[in-house]
Number of protein chains: 2
Amino acid sequence: MPATIRDVARASGVHISTVSRTFSAPHLVNPETRSRVLACAEHLGYRPNRAARALITGRTHNIGLMVADIANPFFPPLIKAAESQARHRDYHIFVTDTNEDPAVEEELVHALAKQVDGLLLCSPRMSNDLIQQLSREVPLVVVNRHVTGLPSVVMDVGQGARLAIEHLSGLGHRDIALLGGPRGSWTNREIRRAAGNAARAVGATLTVLGPNPPTEDGGLAMAEQVQRSGVTAVLAYNDLMAIGLIERLDSLGVRVPSDISVVGIDDIALSRLTRPKLTTVATPTAAAGRAAVDMLLAHDPSSPRGRSIAGDGRRTTAQVTLQTELVIRDSTGPGPHRPADPGDAAAAAPDGVAS
Amino acid sequence: MPATIRDVARASGVHISTVSRTFSAPHLVNPETRSRVLACAEHLGYRPNRAARALITGRTHNIGLMVADIANPFFPPLIKAAESQARHRDYHIFVTDTNEDPAVEEELVHALAKQVDGLLLCSPRMSNDLIQQLSREVPLVVVNRHVTGLPSVVMDVGQGARLAIEHLSGLGHRDIALLGGPRGSWTNREIRRAAGNAARAVGATLTVLGPNPPTEDGGLAMAEQVQRSGVTAVLAYNDLMAIGLIERLDSLGVRVPSDISVVGIDDIALSRLTRPKLTTVATPTAAAGRAAVDMLLAHDPSSPRGRSIAGDGRRTTAQVTLQTELVIRDSTGPGPHRPADPGDAAAAAPDGVAS
DNA sequence: CTGAAAGCGCTAACAA
DNA sequence: TTGTTAGCGCTTTCAG
């Protein structure tokens, strides 16, 4: 049986409220009493029961983290960073996998609401309306998406997509395909918008292919269509799709980058290990995990369920946008239309970074 | 403000204990009353507060899952499967990352003990003694390791290592290196033992190199030593190390599999995507995650903190061993000593499975 | 600075 | 079948 506050009180000869104060408001208790209580607690292996404490304080010291697919290599670094950040602030993290299913997402928010001080929704597939509505039940921070009125952390994939298109254009590519991601993905819309604008600016044509599942298979399945489309370069919604695409192109006899250049997005660990190594847009996933936790815990400590309040009493809705970078590796090479200055992007050092 | 049991009682004109029964023992309440209560609950968006319930029942309906490194691709499929299994049994999962640090592990067990009904320790680095001692505080299930008296789920990596050595021997390799994993890893000892025995049985010499960190870098760092050692084949502690090794060997001008054959262990998703595709021992990680959750929840429901009890009242300590298989891909090829029957393993179909 | 008392949301005997 | 009562482990007024 684990020791309770009563055991400690009895052992140290004080009332339970004094033991309570020793842990939750140490400055209110006489140093001598305090050290005696602490000694007894230590000896009995006592730890305050957080659930009981939560019942009365309203703060659980738990956080929920919802991701679409734990096995998607994009998420583990984010989860790891969030868990670490939370733990250092004395919080524990519930991790849940929604299988890209909006219905599961909603149910999970309800199920976890009472057990956490807030929820991190990573790349949620629910509608904006629903997310806003759910945010009345429990504080929410949204990652990889903008939802009006809610704090969010996004990676600037738009900028990344632009850099990718400019890189390809600089290499002499004018016919580029965009391998789209899942329908309803904010990231996908962002990439599409930015890539479209960038292509227009550099005078390239952009063919959008999709939507597709954001997986290796999603890329595999599109290889023939890419081949038929006659493009000389592809920007994929993420690295996994890019890798699947390259894989299948290879078995179709299409070489990367000599026949077709491919750029991914995310810079998952894997992208450094494939042959050819993948040119990709690096997104700072670990930083996003930390930032999301920080935003959630930035609430006024005295108002358990409140939103961040600015000094003048107005609500502030923080939006963090993290920069992305283009990492040039081996899956992109010269295209049919040589650029004005041949010594430009094409000559960039391998594994170089352009931002 | 979330609705409490009292709100529902008031709205439906019954006592709170009737509302309580409606949710935790529906058969004890009149069907008409029940549906009225349910309707009110639904209308108010009421959900029982699990923390409050746990306080009195002793069951939190939470599980803790401790892994050494979330970002290690071996773990995500296990976490995903465990989370899914737990959720379908109405449990939530705390996920924590210990950074391969035994001290963090111990602290985390204490910290989570009161908040969970049990803990899954995946590849823990703590001593057996400590684990046994901690198991008196909270039910523990150990994954990837045997601890006397505790339920455990292990993959039969010994069998896998034997298959790998036999495969290499069958290809004509007689000088084989074993790239060891981290010190203190049960899996590592098991591989080493089985590989040693198998090598002896087939008349090959086994050079053990290590210990090494279980990462890509761990493999990278050993490439030169492998080259110098003069072996023609390598069995690595895991796929990550195998991939790192191949990577560096390649840049040293050593080709895989023509110069050196390499076998990994785990069959992470990545191993299918590298060039050459990795021959490896597949470990059923998802099955392990599910099995571990099942073992933890297999306790007698009436004894919140008890161990599994056999019919005759004796304790049973379940040990699940999951089979592994050899997946032959492209990183292994013929060695200098041709086998007796050339049409044997060397001719196995690509991506074939031998078990 | 410390104790007494009330109560967080809920379940579990026990009566009625 | 339902209500009453006590209390899980803890924090938080309010007195003293």
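What counts as what
Residues numbered from 1 in each chain as written. Chains lettered and ligands numbered in written order. Predicted model: local features only at pLDDT ≥ 70, side-chain atom pairs only at ≥ 80, totals over all residues. Heavy atoms only, no water. Helix = DSSP H or I, 4+ residues; strand = E, 2+ residues; numbered from the N terminus. Buried < 20%, exposed > 50% of the residue type's maximum accessible area, 1.4 Å probe, protein only. Areas by Shrake-Rupley, 256 points an atom, 1.4 Å probe, with all protein chains shown as cover. UniProt positions renumbered as here; feature names shortened; annotations may be inferred. Core = buried A, V, L, I, M, F, W, Y, C linked by side-chain atoms within 4.5 Å. Contact = heavy atoms within 4.5 Å. Buried area = accessible area lost by both parts, 1.4 Å probe. Salt bridge = Lys/Arg side-chain N within 4 Å of Asp/Glu carboxyl O. Polar contact = N/O pair within 3.5 Å; in protein donor to acceptor, adjacent residues only side chain to side chain. Nonpolar A, V, L, I, M, F, W, Y, C, P; charged D, E, K, R; others polar. Near = heavy atom within 4 Å. pLDDT = per-residue confidence, 0-100. Domains from an automatic or database assignment.

Q: Teacher, can you tell me more about the overall build of chain A here?
A: Scanning chain A from N- to C-terminus turns up 13 helices and 13 strands. Reported as C-alpha extents along the three principal axes, the dimensions of chain A are approximately 85 × 40 × 35 Å. The buried share of chain A, taken over its 355 residues, is 54%. Accessible area of chain A: about 14,800 Å², with a carbon and sulfur share of 50%.

Q: Is there a simple way to think about the UniProt feature "domain: HTH lacI-type" (unreviewed entry) in chain A in this case?
A: The feature "domain: HTH lacI-type" (unreviewed entry), as given by UniProt, occupies residues 3–57 of chain A in the numbering adopted here. Overall, residues 3–57 of chain A shows 71% helix and 0% strand. The separation of its end C-alpha atoms is 21 Å.

Q: Would you mind going over unusual backbone geometry with me for this structure?
A: When glycine is set aside, most residues are seen to have a negative phi, and most peptide bonds are trans. Across the junction of V256 of chain A and P257 of chain A, the peptide omega takes the value 10°, indicating a cis bond. A cis amide bond links G210 of chain B to the next residue, P211 of chain B, at an omega of 5°. Here D266 of chain A, not a glycine, exhibits a phi torsion of approximately 125°, which is positive. By the secondary structure assignment, D266 of chain A is in strand β9 (residues 261–266).

Q: Sorry, what's going on with the nonpolar core here?
A: It is characteristic of soluble globular proteins that their nonpolar side chains tend to be buried jointly. In this structure, L65 and L235 of chain A together with L65 and L235 of chain B are the most contacted members of the largest nonpolar core, which totals 148 residues. Beyond its immediate chain neighbours, meaning those up to four positions away, L65 of chain A contacts L78, I79, A82, I93, F94, V95, T96, L120 and C122 of chain A. M66, L108 and A113 of chain A together with L130 of chain B belong to the second-largest nonpolar core, a separate cluster that totals 36 residues.

Q: Just checking my understanding: could you explain the interface of chain A and chain B for this structure?
A: By a frequent convention, interface size equals the accessible area lost on bringing the separate parts together. Contacts between chain A and chain B engage 42 residues on the former and 42 residues on the latter. When the area that chain A buries against chain B is broken down by residue, the three leading residues are K114, L273 and R275 of chain A, summing to 18%. With its nearest N and O atoms 4.0 Å apart, the salt bridge here joins R275 of chain B to D250 of chain A. Here chain A and chain B share 19 residue pairs in polar contact (both at pLDDT 80 or more) between them. Sorting the residues of the side of chain A that touches chain B by element identifies α4 (50–57), α5 (75–88), β2 (92–97), α6 (102–113) and α12 (239–251) of chain A as the ones contributing at least two each. When grouped by side-chain class, the residues that make up the side of chain A that touches chain B number 19 nonpolar, eight polar and 15 charged.

Q: Would you mind going over the protein's contact with DNA strand D with me for this structure?
A: Of all residues adjacent to DNA strand D, which total 27 residues, the nearest are I5 and R53 of chain A together with H15, R21 and T33 of chain B. Backbone atoms, meaning sugar plus phosphate, form 58% of the atoms of DNA strand D positioned within 4 Å of the protein. One nitrogen or oxygen atom from the side chain of R53 of chain A is found 2.5 Å from a phosphate oxygen belonging to DNA strand D. Elements that contribute at least two residues to the surface near DNA strand D include exactly α1 (5–12), α2 (16–24) and α4 of chain A together with α2 (16–24) and α4 (50–57) of chain B. Split by residue class, the surface near DNA strand D holds 12 nonpolar, 10 polar and five charged.

Q: I keep staring at the pattern of salt bridges and nothing clicks. Help me out?
A: Pairing is possible between side chains of opposite charge, provided their charged atoms come close. Using the criterion set out here, one finds 28 salt bridges over all chains in the structure. Residue D97 of chain A is joined to K80 of chain B by a salt bridge in which the shortest nitrogen-to-oxygen separation is 2.9 Å. Residue D97 of chain A is found in strand β2, and its partner K80 of chain B is found in helix α5 (residues 75–88); the two belong to separate chains. In this pair, the class of D97 of chain A matches that of K80 of chain B, namely buried. For R329 of chain B, the salt bridge is made with D267 of chain B, and the minimal N-O distance between the two is 3.0 Å.

Q: How do you make sense of the confidence of the model for chain A when you look at a structure like this?
A: Detailed reading of the predicted coordinates is not advisable wherever pLDDT is low. Mean pLDDT over chain A: 91, with 90% of residues reaching 70 or higher. Overall, residues 342–350 of chain A carries pLDDT values under 50, and its contacts beyond four positions in sequence, including any with other chains, amount to seven contacts.

Q: It is not clear to me how the domain arrangement of chain A should be interpreted in this structure. Could you clarify?
A: Residues and elements named next belong to chain A. Partitioning chain A into structural domains gives domain 1 (5–48), domain 2 (62–153 + 285–321) and domain 3 (157–283 + 324–354). Taken residue by residue, the interface counts nine residues in domain 2 and nine residues in domain 3. Together domain 2 and domain 3 conceal approximately 840 Å² of surface at their shared face, both sides included; 58% is due to carbon and sulfur atoms. Taken as a group, P73, F74 and R125 account for 45% of the area that domain 2 buries against domain 3, more than any other trio of residues on that side. Linking domain 2 to domain 3 there are zero salt bridges. In this structure, the connection of domain 2 to domain 3 is made through one residue pair in polar contact (both at pLDDT 80 or more). Residues that form the side of domain 2 that touches domain 3 fall into these classes: two nonpolar, four polar and three charged.

Q: Please explain the protein's contact with DNA strand C as it appears in this structure.
A: The full set close to DNA strand C counts 27 residues, and R21 and T33 of chain A together with I5, S20 and R53 of chain B are the nearest of them. In this structure, R21 of chain A approaches DNA strand C through a side-chain N or O atom, which is 2.3 Å from a base oxygen. I5 of chain B places a main-chain nitrogen or oxygen 2.3 Å from a phosphate oxygen of DNA strand C. Elements with a contribution of two residues or more to the surface near DNA strand C: α2 and α4 of chain A together with α1 (5–12), α2 and α4 of chain B. The residue makeup of the surface near DNA strand C, split by class, is 12 nonpolar, 10 polar and five charged.

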